[in-house]
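Okay, here's what each chain looks like letter by letter:
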2 protein chains.
Amino acid sequence: MRCKNLTYDKIEITDGFWRQRQELVRSTTVWNVYRRFAETGRFDAFKLNWKEGEPNKPHIYWDSDVAKWIEGVAYMAQKKREPKLEAIVDEVVDDIARGRMADGYFNSYYQQIEPQNRFTVRNNHELYCAGHLLEAAIAYDAATGKGKFLELMKDYVAFIKKVFMDDRTAPYTAPGHEELELALVKLYDYTQDRQYLDLALYFINVRGQIDPPNQGWAQPDARAYEQDHQPVREQEEAIGHAVRAVYLYCAMADLAARIDDPGLTEACDRLFTNISEQKMYITGAIGSAPTYEWAFPKGSSQKAFIHEAFEENYRLTNETSYAETCAALGYALFARRMALLDPENARYADTVERIIYNGFLSGWSLDGKSFFYENAHEIDLGERRLAFAFKRKIHFPITQRVEVFGCSCCPPNVVRFIPSIAEFLYHYDEKRIYVDQYMSSIAQVDEITLTQKTGYPFNGQITLTVSGGTRELAFRIPAWCKQYTLCKNQLPVSTAPQNGYVLVSAEDGDVFTLELTMQVRRIKSNPRVRANRGMTALTYGPFVLCMEGVDNGEELCEVKLVGKEVSIGFDDSLGVPAVFCPAVRENTTELYSDEVTRQSFTAKFIPYFAFANRGETDMRIWVEQE
Amino acid sequence: MRCKNLTYDKIEITDGFWRQRQELVRSTTVWNVYRRFAETGRFDAFKLNWKEGEPNKPHIYWDSDVAKWIEGVAYMAQKKREPKLEAIVDEVVDDIARGRMADGYFNSYYQQIEPQNRFTVRNNHELYCAGHLLEAAIAYDAATGKGKFLELMKDYVAFIKKVFMDDRTAPYTAPGHEELELALVKLYDYTQDRQYLDLALYFINVRGQIDPPNQGWAQPDARAYEQDHQPVREQEEAIGHAVRAVYLYCAMADLAARIDDPGLTEACDRLFTNISEQKMYITGAIGSAPTYEWAFPKGSSQKAFIHEAFEENYRLTNETSYAETCAALGYALFARRMALLDPENARYADTVERIIYNGFLSGWSLDGKSFFYENAHEIDLGERRLAFAFKRKIHFPITQRVEVFGCSCCPPNVVRFIPSIAEFLYHYDEKRIYVDQYMSSIAQVDEITLTQKTGYPFNGQITLTVSGGTRELAFRIPAWCKQYTLCKNQLPVSTAPQNGYVLVSAEDGDVFTLELTMQVRRIKSNPRVRANRGMTALTYGPFVLCMEGVDNGEELCEVKLVGKEVSIGFDDSLGVPAVFCPAVRENTTELYSDEVTRQSFTAKFIPYFAFANRGETDMRIWVEQE
């Protein structure tokens, strides 16, 4: 048996940090996103009755926004049905059934705005929308047993297969925004119908093989932006649009886990490693590029703007970080799939942890109502004021979360991710269960029930009870943890971790207690990350910490930490740990000097994900340490 | 008597660092620049016989290139006549006499390319060329007594005065590229004819007062680029094109020293302070902006590209520094003028020293043949390779000096600056002589002869002998110097410095010995200079030091200095001091870690000005210090 993921439906998050957040999605976020999507016409678009001159003109990616919201509703329904939410979904499904074309095609933008142009422009998110609708349909079918949506989507997939793979009548070969590929693997898993795996594999294999005709985006560099510059098995470096890239890599890893294809496995490993060792913010966020223009050779009239994309190795500027919430989420999905390809290595679960507590979670406000699309990794209002005064054309990420964006991919990704976060808890085979994340929960792995009780991530105390069977357990010792004790029925386990996992046998009735000592760590970047040279970041447990101006004053560039003392507290209003460190603020009127005035103060750090919940203020992760 | 500058013609540089460089200009640089200018048609342009279709089409700023070269020839002639060089100059003068228009106008570009458009586009360097021709004519007349050139230029100035000040028939009011203003003050000083001072003052006063008609560059922001956004007395911050700005400020300071105008004096002080406390590289270079596009309000079709300009306060990025050689020179000229306005403060001479040994001198190769227009403040070839691979549209300064540029303002500025560098040595009034710079030299201040003998800048030993009269001396103790001894006739002088000067009486026969202890200093930037946060620069005497890859290996971002030991040596091949420090190179494959591999080595530093004389290699001023 290959290693499998324990799916979210086998696990109940019972308490604590993530339970609170799941309840927040159910009580607030799912409705807030629904209202904003309804107000902006995203639901009405499915009725296909928009007319020129009316507000809320349908947009190419709207279907995907609603689809992800439906997927989130489905995940919640799997735990507890919500008739009001299902009624909304059922109406959308009825709209699709009524509105779809005779050949199975459905796309609310193309059918209403330019029906003659369907399947002509690869960058127009058409197959991306199809992929998200398909994922939603599978999840909805699984949670509710209502098969209508999935049947509609199967028809659509059959038509896509005919156009792209069988007849090859479309002017391009593979989606410009990847997503459908991983959805097709899900459909294969759900139906065990091999044709869906074949179609996914076709889209993967054709990538980088066939020059598309020259059509706007289909320039050589635009192909790199869409990961179509090389055959996937030859790709060495993660480049181009970050969300597209990691969605592609997810499908590659999915396929590599299901077919025997060492070249694909090696490519996945290379790309994962490239991101984690050269292209990832400390928060797990990826895709550092704000908008910039590509430099074509002199004299060329070509023009292309790059944004939301990977930049060069080690280029991870903080104040202009794009770091899209969806990209962080996609990288967690990729890491999860890598854990199944390479099950004995905890680095993938470490990466997931880095993302879910930091670079992904920052995208969502503490009150559950608003979102970051881009996630700042430094806010320096003084610097911005100067740049604005100088009319510098520079893209800074926004400083406050908002309820909806024109391009609103991130909010519904929160709606679908949080309810299914238990997906990241365990992977297993018939001999061993890997305990990847620590959340209070009850999980069913075959005949075995695993009960976790923990104050994680606020403390490192974990109790795990096994009942119903016998299997080896592999407890992840997080990479951040330098000291821990693991006891089995109160007796210490002395086995050393291998690749981040401590292996220990378990049988019915065993009680394991794991204590991960949480300390403040002082982290340096690889020196080649020029943006962070000379700087230190603090972490506490799984949290990357940051300073905010509201606690520490503006102009945080003046702050220097002195000594290594810390004290740990808790910020009740934010509901997060707070870390206090001795620091000085350095100022001088001189530009260059070997003397500087220093005022001592106590710097307060909070977890990065909780930044920007108290009004517009400065924020800084990387700080000078004496 | 107001404080006066001791002009270069009263001083002979006799030996040492600057004497060698003056000889290099005479033997090599003046001829090299001549040949390259002749080959590119800059001298032929004065004959006004270029025809469409021929190579070397005249350019709007060519007159100024030749003018600055002539000015340099004049300064050399003042010391030693060179008939071959004078023959070239005389031919140019004859060409102007033959070619100029009946009204006195001369401009080789406009007369040949678009004669109908003279004095219509303020940004086209027309009055800038006139200013440089005028400066050249004054210097040539003073050095050789040949009056023809100056008479031609006086006619031209009379015509300019008529068009711009008397009749106001030009569609703009003041030069778009300032320079003529300071040349007019020189003409006033040379002739004592008040009308030239009035014309300079008119150009200064009209600036920022009259909205020009809408003509391309004459947008509000372009006016800021040309320092025409506000009346000069209201200007608070140095903005826009850096060379234009400092040339303007020179004229403002010149006027403030000659008329009673506290508002002008205060504006000069504000602008000088703004640059020195917020806008200057540690090398004294200014104007950090590579090309960037101005962000006009959304929907605006206006477009303007900013380059060679001041950026926001504290924005001094190293790897993209523009830091034009001419701008550094212009800032030295401005500092010199400020010393005459505020004679008792050594900060101006300190600034001059910072510039002439660092950010200006770096613009000229050690062999005297080639030049930097832009002066890199960091060369990171690894970063560039990555950026090029990613087709990032980013302007990095060139890594190797070249013999001529399309826009070749900097090479002839070296030709005129080095022969006249003695201008910076002394300023004085009837009571006191300020010793501003230390160079082996003989100077005549009224009846007093001052003889300096020194190994400066390689060591801090200075002997100054006074003969022929009695006056107070003010010895500058450089801001970098923390320890010194001054003796008068071998007896220590115990007076403490005031504003950087030690005052001591001197009479005929007195011998002063000053020993400035040169140490390696570790300098930090103001914390608001985000580019240098966490970094340290080393200086030694007046030199800012840098590391080069050729000595220390590539990827200098990995280098960290450990401890504060240093040893001082001398690099014979470069002819400069070398400083050796214990260091480590940090590498890691991990992106974020609290552990890092360190290899110890001895880092070698050389003076910044000597960088890029041994092939293309990395260079770094700011380095992490443990």
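A.B. asks: Quick rundown of the overall build of chain A? Include the residues and the values.
C.D. replies: When you go through chain A residue by residue, the secondary structure sums to 16 helices and 25 strands. Taken over the C-alpha trace, chain A has a radius of gyration of 25 Å; the compact-globule value for 626 residues is 25 Å, and the two agree within 12%. When its C-alpha atoms are laid out on the principal axes, chain A stretches across 75 × 70 × 45 Å. The proportion of buried residues among the 626 residues of chain A is 65%. Looking at chain A alone, contacts between residues at least 24 apart form 71% of all its contacts between residues at least 6 apart. Counting every atom, chain A has about 21400 Å² of accessible surface; 48% of that belongs to carbon and sulfur. Each charge class in chain A can be summarised by its mean position, and for the 71 positive and 88 negative side chains these summaries are 1 Å apart.

A.B. asks: An account of the pattern of salt bridges is needed here, citing residue identities and associated values.
C.D. replies: Summed over all chains, the structure comprises 136 salt bridges over all chains. In this structure, A:Lys146 engages A:Glu86 in a salt bridge whose closest nitrogen and oxygen atoms are separated by 2.8 Å. Within this pair, whereas A:Lys146 is found in the loop between helix 5 (126–144) and helix 6 (148–166), its partner A:Glu86 is found in helix 3 (residues 83–99), the two being separated by 60 residues in sequence. In this structure, B:Glu554 and B:Arg385 form a salt bridge, with 3.0 Å as the shortest nitrogen-oxygen distance. You can see B:Glu554 sitting in the loop between helix 16 (549–552) and strand 19 (559–561) and its partner B:Arg385 sitting in helix 14 (residues 381–389), a full 169 residues away along the chain. Using a relative accessible area of 47% as the deciding quantity, one classes B:Arg385 as partly exposed. Taken together, the shared-partner salt bridges connect A:Lys524, A:Arg533, B:Lys560, B:Glu586, B:Arg598, B:Glu624 and B:Glu626 into one network.

A.B. asks: Describe the packing of aromatic side chains, and please don't skip the residues or the numbers.
C.D. replies: Residues and elements named next belong to chain A. Across all of its chains, the model carries 80 aromatic pairs over all chains by this definition. A centroid spacing of 5.8 Å and a plane angle of 65 degrees characterise the contact between Phe164 and Phe203, whose relative ring orientation is edge-to-face. Linking Phe164 in helix 6 with Phe203 in helix 8 (residues 194–206), this pair joins segments that are 39 residues apart in sequence. Here Phe164 and Phe203 have matching classes, each one buried. Through a chain of ring-to-ring contacts, the aromatic side chains of Phe17, Trp18, Tyr357, Tyr438, Tyr456, Phe458, Phe543, Phe570 and Phe609 assemble into a single cluster. One Lys or Arg, Arg401, reaches over the ring of Phe611 and ends 5.4 Å from the middle of that ring.

A.B. asks: Give a detailed account of the packing of helix 3 (residues 83–99) of chain B against helix 6 (residues 148–166) of chain B, specifying residues and quantitative values.
C.D. replies: Residue and element names in this part refer to chain B. Here helix 3 crosses helix 6 at 35 degrees, and the two axes come no closer than 10 Å. The hand of the helix 3/helix 6 crossing is left-handed. Judged by residue contacts, Val93, Asp94, Ile96 and Ala97 of helix 3 engage Lys148, Phe149, Leu152 and Met153 from helix 6. For the contact of helix 3 with helix 6, the class distribution of residues is six nonpolar, no polar and two charged.

A.B. asks: Which residues make up the interface of chain A and chain B, and what are the values?
C.D. replies: Chain A puts 65 residues into the contact, and the matching count from chain B is 65 residues. Between chain A and chain B lies a buried interface of about 5600 Å² when both sides are counted; carbon and sulfur atoms form 49% of it. Between chain A and chain B we count 20 salt bridges in total. Across the pair B:Glu586 and A:Arg533 runs a salt bridge, and its minimum N-O distance is 3.2 Å. Counting across the chain A and chain B interface gives 39 residue pairs in polar contact (both at pLDDT 80 or more). Of all the elements in the fold, those that place two or more residues in the side of chain A that touches chain B are helix 11 (262–278), strand 3 (292–293), helix 14 (381–389), strand 16 (520–525), strand 19 (559–561) and strand 22 (592–593) of chain A. At five residues, strand 16 of chain A tops the list of elements feeding residues into the side of chain A that touches chain B. Of the residues in the side of chain A that touches chain B, the class split is 23 nonpolar, 11 polar and 31 charged. Relative to strand 22 (residues 592–593) of chain B, strand 16 of chain A is paired through two bridges, and the arrangement is antiparallel. The residue bridging A:Ser525 from the neighbouring strand is B:Tyr592, located in strand 22 of chain B.

A.B. asks: For helix 1 (residues 16–39) of chain B, give the residues involved together with the corresponding values.
C.D. replies: Residue and element names in this part refer to chain B. Relative to the 34 Å expected for 24 residues at 1.5 Å per residue, helix 1 spans 33 Å between its end C-alpha atoms, a close match to the ideal helical length. The sharpest bend along helix 1 reaches about 50 degrees and sits at Val25. Two residues or fewer after helix 1 comes Gly41, characterised by a positive phi angle close to 90 degrees.

A.B. asks: Explain the pairing of strand 15 (residues 511–516) of chain B to me, using residue names and the numbers behind them.
C.D. replies: Residue and element names in this part refer to chain B. The side-chain alternation of strand 15 yields one buried face, formed by Phe512, Leu514 and Leu516, and one unburied face, formed by Val511, Thr513 and Glu515. Across five bridges, the pairing between strand 10 (residues 461–467) and strand 15 is antiparallel. Paired with Thr465 across the two strands is Val511, which belongs to strand 15. Note that strand 12 (residues 484–488) and strand 15 share five bridges and pair antiparallel. The partner of Lys488 across the bridge, within strand 15, is Phe512.

A.B. asks: For the sheet that holds strand 13 (residues 491–492) of chain B, give the residues involved together with the corresponding values.
C.D. replies: Residues and elements named next belong to chain B. Strand order in the open sheet formed by seven strands is 2-8-9-10-15-12-13, with antiparallel pairing between adjacent strands. This sheet does not close on itself; its edge strands, each paired only once, are strand 2 (11–13) and strand 13. As judged from the two bridges shared by strand 12 and strand 13, these two strands associate in the antiparallel manner. Among the inter-strand pairings, Lys488 is bridged to a residue of strand 13, identified as Leu491.

A.B. asks: Quick rundown of the sheet that holds strand 6 (residues 426–428) of chain B? Include the residues and the values.
C.D. replies: In a beta sheet, neighbouring strands pair by backbone hydrogen bonds and run either parallel or antiparallel. All names here are of chain B. Taking strand neighbours across the sheet as the criterion, the five strands line up as 1-6-7-11-14 in an open arrangement whose pairing is mixed. Every other strand in the sheet has two partners, leaving strand 1 (4–5) and strand 14 (501–506) as the edge strands with one partner each. Bridge analysis of strand 1 against strand 6 gives two bridges, and the strand direction is antiparallel. Bridged to Lys4 within strand 6 is Tyr428. On the sheet, helix 12 (residues 325–341) packs against strand 1 and strand 6 and is oriented at approximately 25 degrees with respect to strand 6.

A.B. asks: So what's going on with the pairing of strand 10 of chain B? Which residues, and what values?
C.D. replies: Residues and elements named next belong to chain B. Only one face of strand 10 is buried: it carries Ile462, Leu464 and Val466, and the other face, with Gln461, Thr463, Thr465 and Ser467, is open. The pairing of strand 9 (residues 448–454) with strand 10 spans six bridges and is antiparallel. By the bridge assignment for strand 10, Leu450 is matched with Val466. Between the end of strand 9 and the start of strand 10, which pair antiparallel, lie six residues.

A.B. asks: Give me the lowdown on the confidence of the model for chain A, citing residues and values where you can.
C.D. replies: Across chain A, the average pLDDT comes to 95, with 97% of residues at 70 or higher. Interface confidence for the predicted complex, expressed as ipTM, amounts to 0.94; the pTM equals 0.94.

A.B. asks: Can you tell me about the side chain of A:Glu586, naming the residues and giving the values?
C.D. replies: With respect to the helices and strands, the residue A:Glu586 is situated in strand 21 (residues 576–587). Given the relative accessible area of 5%, A:Glu586 is considered buried. Separated by 3.1 Å, the side chains of A:Glu586 and A:Lys560 make a polar contact. Other than its neighbours up to four places away in sequence, A:Glu586 contacts A:Glu558, A:Lys560, A:Val596, A:Thr597, A:Arg598, B:Pro527 and B:Arg533.

A.B. asks: Describe helix 10 (residues 242–258) of chain B, with residues and values.
C.D. replies: Taking 1.5 Å of rise per residue, the 17 residues of helix 10 of chain B would be expected to cover 24 Å, and the 24 Å separating its terminal C-alpha atoms lies within 8% of that figure. Burial analysis of helix 10 of chain B places 16 of its 17 residues in the buried class, which makes it a mostly covered element.

A.B. asks: Just give me the short version of the relation of the copies chain A and chain B, but keep the residues and values in it.
C.D. replies: Mapping chain A onto chain B calls for a rotation angle of 180 degrees and an axial translation of 0.0 Å; the resulting RMSD is 0.0 Å. Such a combination of turn and shift is consistent with a two-fold rotation axis. Considering only C-alpha atoms, the residue of chain A closest to the rotation axis is A:Gly534, which sits at 2.3 Å. Comparing contact sets, 100% of the residues at the interface of chain A also lie at the interface in chain B, consistent with an isologous, same-surface contact.

A.B. asks: Can you break down the environment of B:Lys57 residue by residue, with the values?
C.D. replies: Residue and element names in this part refer to chain B. Looking at the secondary structure, you find Lys57 in the loop between helix 1 and helix 2 (62–79). Spatially, the C-alpha atom of Lys57 lies 56 Å from that of Thr513, the residues being 456 residues apart in sequence. Setting aside residues up to four positions removed in sequence, Lys57 forms contacts with Trp50, Glu52, Trp62 and Ile113.

Quick notes on the rules
Residues numbered from 1 in each chain as written. Chains lettered and ligands numbered in written order. Predicted model: local features only at pLDDT ≥ 70, side-chain atom pairs only at ≥ 80, totals over all residues. Heavy atoms only, no water. Helix = DSSP H or I, 4+ residues; strand = E, 2+ residues; numbered from the N terminus. Rg over C-alpha atoms; globule rule 2.2 N^0.38 Å. Buried < 20%, exposed > 50% of the residue type's maximum accessible area, 1.4 Å probe, protein only. Contact = heavy atoms within 4.5 Å. Areas by Shrake-Rupley, 256 points an atom, 1.4 Å probe, with all protein chains shown as cover. Lys, Arg positive; Asp, Glu negative; His and termini not counted. Charge placed at Lys NZ, Arg CZ, Asp CG, Glu CD. Salt bridge = Lys/Arg side-chain N within 4 Å of Asp/Glu carboxyl O. Phe/Tyr/Trp six-rings, centres within 6.5 Å; stacked < 30°, edge-to-face > 60°. Lys NZ or Arg CZ within 6 Å of the ring centre and 35° of its normal. Axes fitted to C-alpha atoms, helices over the stretch in contact; angles between N-to-C directions. Left-handed = near helix turned anticlockwise from the far one by under 90°. Nonpolar A, V, L, I, M, F, W, Y, C, P; charged D, E, K, R; others polar. Buried area = accessible area lost by both parts, 1.4 Å probe. Polar contact = N/O pair within 3.5 Å; in protein donor to acceptor, adjacent residues only side chain to side chain. Pairing = 2+ DSSP bridges. Expected span 1.5 Å × (residues − 1). Bend = angle between axes of the 7 residues up to and from the residue. pLDDT = per-residue confidence, 0-100. Least-squares fit on C-alpha atoms with pLDDT ≥ 70 in both.

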